[in-house]
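Take a look at the letters that make up each chain.
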Amino acid sequence: MKLRQFGFIAALTTAAWVSGSGAHPPARDLDGRPVGAVEVVDLNGLRDVEFGDTEDELTRRGILRTDVDACGPALAGYDTTSPIFVDDRLVLLWLGEATRTPQGVTAGMPVEEVRTRYPSARDLDAPQGTYRLDGLLARQGDRAYLFLHDGRAVKKIIAGYADWAQRLFDEGHSPC
């Protein structure tokens, strides 16, 4: 996906995200799900998807699907995870509810608990007068987790290259 396409999709998804903002139901307890239902994303990616993989490689392996009704390509077997590509390379994963970090952070977790599990995470403040969420950026080398939160609980988790996570936060984009 070209940077221009990324920007266009991001603008559309930001509008969709803002229109869907408001009160959110409490997060479900993922611990009650069957074993294997919760995916783990580390700073390399998912079990069969790595940051830096090309769209062509993932398509050839049957992991990247373009035949679904979504805002962009989807990952087979990861219905709630959205890949973000720049210059044909996977740079970020916008994670769904059923995904957690190796330290057990999921959407719905209290922000203070995230700070305990990622003590070096840096606070990111959303611009005043916007509907965007604040963030915590937990960086390790050139990779990072970006935890978007409302001050109380994590609402979304993005994982991938740290520079792209920072840029996503700064520019206020979402996948859909």
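Structure: above.
The paragraphs below set out a description of the structure included in this document. (Residues numbered from 1 in each chain as written. Predicted model: local features only at pLDDT ≥ 70, side-chain atom pairs only at ≥ 80, totals over all residues. Heavy atoms only, no water.)

1. Describing the overall build of the protein chain
When helices and strands are tallied, the protein chain shows 4 helices and 12 strands. Accessible surface computed for the protein chain: about 9500 Å², of which carbon and sulfur atoms make up 49%. (Helix = DSSP H or I, 4+ residues; strand = E, 2+ residues; numbered from the N terminus. Areas by Shrake-Rupley, 256 points an atom, 1.4 Å probe, with all protein chains shown as cover.)

2. Examining the nonpolar core
Within the largest apolar cluster, 44 residues are counted, with the highest numbers of intra-cluster contacts made by Leu146 and Phe147. For this core, the secondary-structure elements that each account for two or more residues are β6 (82-86), β7 (89-95), α3 (111-117), β10 (134-140), β11 (143-149), β12 (154-161) and α4 (162-171). Tallying contributions element by element places β7 first for this core, with 6 residues. Beyond its immediate stretch of four places on either side in the chain, Leu146 contacts Leu124, Gly135, Leu136, Leu137, Lys156, Ile157, Ile158, Ala165, Leu168 and Phe169. (Core = buried A, V, L, I, M, F, W, Y, C linked by side-chain atoms within 4.5 Å. Buried < 20%, exposed > 50% of the residue type's maximum accessible area, 1.4 Å probe, protein only. Contact = heavy atoms within 4.5 Å.)

3. Remarks on the pattern of salt bridges
A full pass over the atoms with the stated rule returns 13 salt bridges. A salt bridge links Arg117 to Glu113; its shortest N-O distance comes to 2.7 Å. Linking Arg117 with Glu113, this pair stays in helix α3, spanning 4 residues, or about one helical turn. The partly exposed category is assigned to Arg117, whose relative accessible area is 31%. A single network of salt bridges, built from pairs that share partners, joins Asp53, Glu57, Arg60 and Arg61. (Salt bridge = Lys/Arg side-chain N within 4 Å of Asp/Glu carboxyl O.)

4. Description of the sheet that holds β10
For sheets, the rule is that strands pair by backbone hydrogen bonds, running either parallel or antiparallel. Spatial strand order, β6-β7-β12-β11-β10-β9: 6 strands in an open sheet with antiparallel pairing. Sheet topology places β6 and β9 (122-124) at the edges, where each strand pairs with a single neighbour. Neighbour to neighbour, the strand axes of the sheet diverge by 20° on average, direction disregarded. Sheet topology note: the β11/β12 ladder contains 7 bridges and is antiparallel. What sits directly across from His149, in β12, is Val154. (Pairing = 2+ DSSP bridges. Axes fitted to C-alpha atoms, helices over the stretch in contact; angles between N-to-C directions.)

5. Observations regarding the pairing of β12
Looking down a regular strand, the side chains alternate between one sheet face and the other. Burial analysis of β12 places 6 of its 8 residues in the buried class, the great majority of the element. Between β11 and β12, which follow one another and run antiparallel, lie 4 residues, and Gly151 among them has a positive phi close to 95°.

6. Quick word on the side chain of Thr81
For Thr81, the location among the structural elements is in the loop between β5 (74-75) and β6. Beyond its immediate sequence surroundings of up to four residues, Thr81 is in contact with Leu46, Leu75, Leu93, Trp94, Leu95, Gly96 and Thr99.

7. Topic: the environment of His149
Following the sequence through the fold, His149 ends up in strand β11. The exposure class of His149 is buried, given its relative accessible area of 5%. Residues contacting His149, with those up to four places away along its chain left out, are Val111, Leu133, Asp134, Gly135, Leu136, Val154 and Lys155. Within the local environment of His149, its side chain forms a polar contact with the backbone nitrogen of Gly151, the two atoms lying 3.0 Å apart. (Polar contact = N/O pair within 3.5 Å; in protein donor to acceptor, adjacent residues only side chain to side chain.)

Geometric values such as these leave the question of function open.
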